[in-house]
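# Coordinates in review
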Amino acid sequence: MFTHCAFCRHPFATNESLEYLRAGRKLAYDPARGRLWQICPKCHRWTLAPIEERWEALEELEKIVTDSARLLAQTDNISLLRSGDLQIVRVGRAQLREEAWWRYGREFKRRRTRFHVLTAAGVGAAVTLGFSGMVAGGFGYYLLWRGSQRVPYIGRRLRFGKTAWRGHTVCPNCGNALTHLEFDQRKNLTVWNTVDGLGLFHRCAVCHSRRAEGGFLLTGSEADYTLRRVLAYNNYAGATGEQLKSATGAILEAGSAERLGQRLAERQIGIGKLETTHALALEIAVNEENERRLLELELAEIERRWREEEEIAAIVDRELTPVSGFQRLLRLERG
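Notes on the structure in this doc start here. (Residues numbered from 1 in each chain as written. Predicted model: local features only at pLDDT ≥ 70, side-chain atom pairs only at ≥ 80, totals over all residues. Heavy atoms only, no water.)

## Observations concerning the packing of aromatic side chains
The geometry of an aromatic ring pair comes down to the distance between the two centres and the angle between the two planes. With the rule as written, the count across this model stands at six aromatic pairs. Aromatic pair Phe160 and Tyr233: ring centres 5.5 Å apart, planes at 80°, arrangement edge-to-face. Of the two residues, Phe160 is situated in helix α4 (residues 151–160) and Tyr233 in helix α5 (residues 220–234); the sequence distance between them amounts to 73 residues. A single burial state applies to Phe160 and to Tyr233, both of which are buried. (Phe/Tyr/Trp six-rings, centres within 6.5 Å; stacked < 30°, edge-to-face > 60°. Helix = DSSP H or I, 4+ residues; strand = E, 2+ residues; numbered from the N terminus. Buried < 20%, exposed > 50% of the residue type's maximum accessible area, 1.4 Å probe, protein only.)

Here's what the structure looks like:
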């Protein structure tokens with residue numbers, strides 16, 4: 001493998017993830033055609049790896065992508081992934097063990113673990129005080145026990161605070177002003193379809209107008225930021241594997257993250273009243289749309305560069321397919 005860019009001679013940084021390809025932390029590969037490139041961090045050109053040295057590294061990359069890589073964004077032809085110190089561009093539809101939505105699974109499981117740790121801490125404190133005789137009577141012990149169940153929610157309040165949004169907006173129907181929204185009001189916060197994507201609607205407490213007449217509607221980046229905060233607060237307890245499976249299934253059934261959000265907006269149910277599956281699915285969908293917008297331009301540039309480099313690679317490789325190791329890689333890629 002090359003240790004320097006073939007175009008500008010800039011050295012490739014060493015990665016700690018691959019045994020058969022140490023040089024390069026940004027790599028691109030096409031398992032169907034058996035191509036492998038090292039991407040230069042300076043000039044961004046793609047250096048095609050020698051054909052006789054690719055096969056073990058290609059197998060390593062495909063295993064990483066299948067088993068542990070985090071999918072950042074995807075088009076019809078290109079997937080952008082991250083694993084450890086590697087940034088990976090995979091040409092072709094990614095054959096991941098789970099769909100892209102599963103990249104949020106670790107976060108939800110981490111939240112669930114933290115929630116249980118805080119619950120256990122509260123229960124442990126209640127038991128300790130009970131045995132030490134500091135609680136008088138059964139009713140006092142019951143109150144302390146019930147209070148211990150609230151420990152995780154106290155942790156949530158300390159983490160997020162009380163206020164989900166601060167600003168200034170006026171009800172067009174009655175002129176009442178809204179300057180802040182609290183997390184405890186999330187049962188009355190509704191996702192709303194707007195021309196700029198998902199908005200966040202709150203009915204006016206004075207005139208009680210619906211959106212056609214009045215009320216308060218946050219849009220654009222303000223709505224996106226507030227909605228993600230409210231959903232993270234709402235889903236603080238995390239999720240089990242089955243709950244995650246149901247949430248990702250809801251997104252797949254809707255057809256896309258964007259369509260899932262639109263469907264829930266059409267139902268006009270308060271965020272705090274959503275069932276767990278839809279609350280989790282909405283948080284995944286909102287974060288997915290946010291990441292997609294951020295990475296859209298980068299993916300377009302990567303895909304353009306791939307098309308250029310593929311033309312060169314086809315000439316260099318002379319479309320040699322009966323190379324030792326190629327059929328084995330194809331079988332691996334096709335499962």
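## Focus: the sheet that holds strand β10 (residues 197–202)
One open sheet holds the three strands; their spatial order is β9-β10-β11, and the pairing between them is antiparallel. One side of each edge strand has no neighbouring strand; the edge strands of this open sheet are β9 (189–194) and β11 (216–218). Direction aside, neighbouring strands of the sheet carry axes that sit 35° apart on average. For β9 and β10, the ladder comprises six bridges, and the chain directions are antiparallel. Following the sheet pairing, Thr190 is matched in β10 by Phe201. α5 contacts β9, β10 and β11 of the sheet and is inclined by roughly 70° relative to β10. (Pairing = 2+ DSSP bridges. Axes fitted to C-alpha atoms, helices over the stretch in contact; angles between N-to-C directions. Contact = heavy atoms within 4.5 Å.)

## Quick notes on the nonpolar core
The biggest cluster of nonpolar side chains holds 41 residues, and the ones touching the most others in it are Leu200, Leu227, Leu260, Ile271 and Leu282. Per element, the largest residue contribution to this core is seven residues, and it comes from helix α8 (residues 276–317). Contacts of Leu227, omitting those with residues within four sequence positions, involve Val191, Leu198, Leu200, Ile271 and Val286. Ranked by size, the runner-up nonpolar core spans 17 residues in total, among them Leu18, Trp55, Leu58 and Leu61. (Core = buried A, V, L, I, M, F, W, Y, C linked by side-chain atoms within 4.5 Å.)

## Topic: the environment of Glu242
Here Glu242 lies in helix α6 (residues 241–254). Residue class for Glu242 comes out exposed when judged on its relative accessible area of 57%. Glu242 sits 35 residues away from Thr277 along the chain, and the two C-alpha atoms are 9.6 Å apart.

## Thoughts on the sheet that holds strand β4 (residues 70–74)
The six strands lie next to each other as β3-β2-β1-β6-β5-β4, forming an open sheet whose pairing is mixed. Of all the strands in the sheet, the pair left with one neighbour each is β3 (46–48) and β4. Strand after strand, the sheet turns through a mean of 25° between neighbouring axes, direction not considered. Of the strand pairs in this sheet, strand β1 (residues 26–30) and strand β2 (residues 35–39) are connected by four bridges, and their pairing is antiparallel. Its bridge partner being in β2, Ala28 is matched across the sheet by Trp37. Against the sheet, helix α1 (residues 55–67) engages β1, β2, β5 (78–83) and β6 (86–91), with an angle of about 100° to β6.

Distances and angles like these do not, on their own, reveal function.
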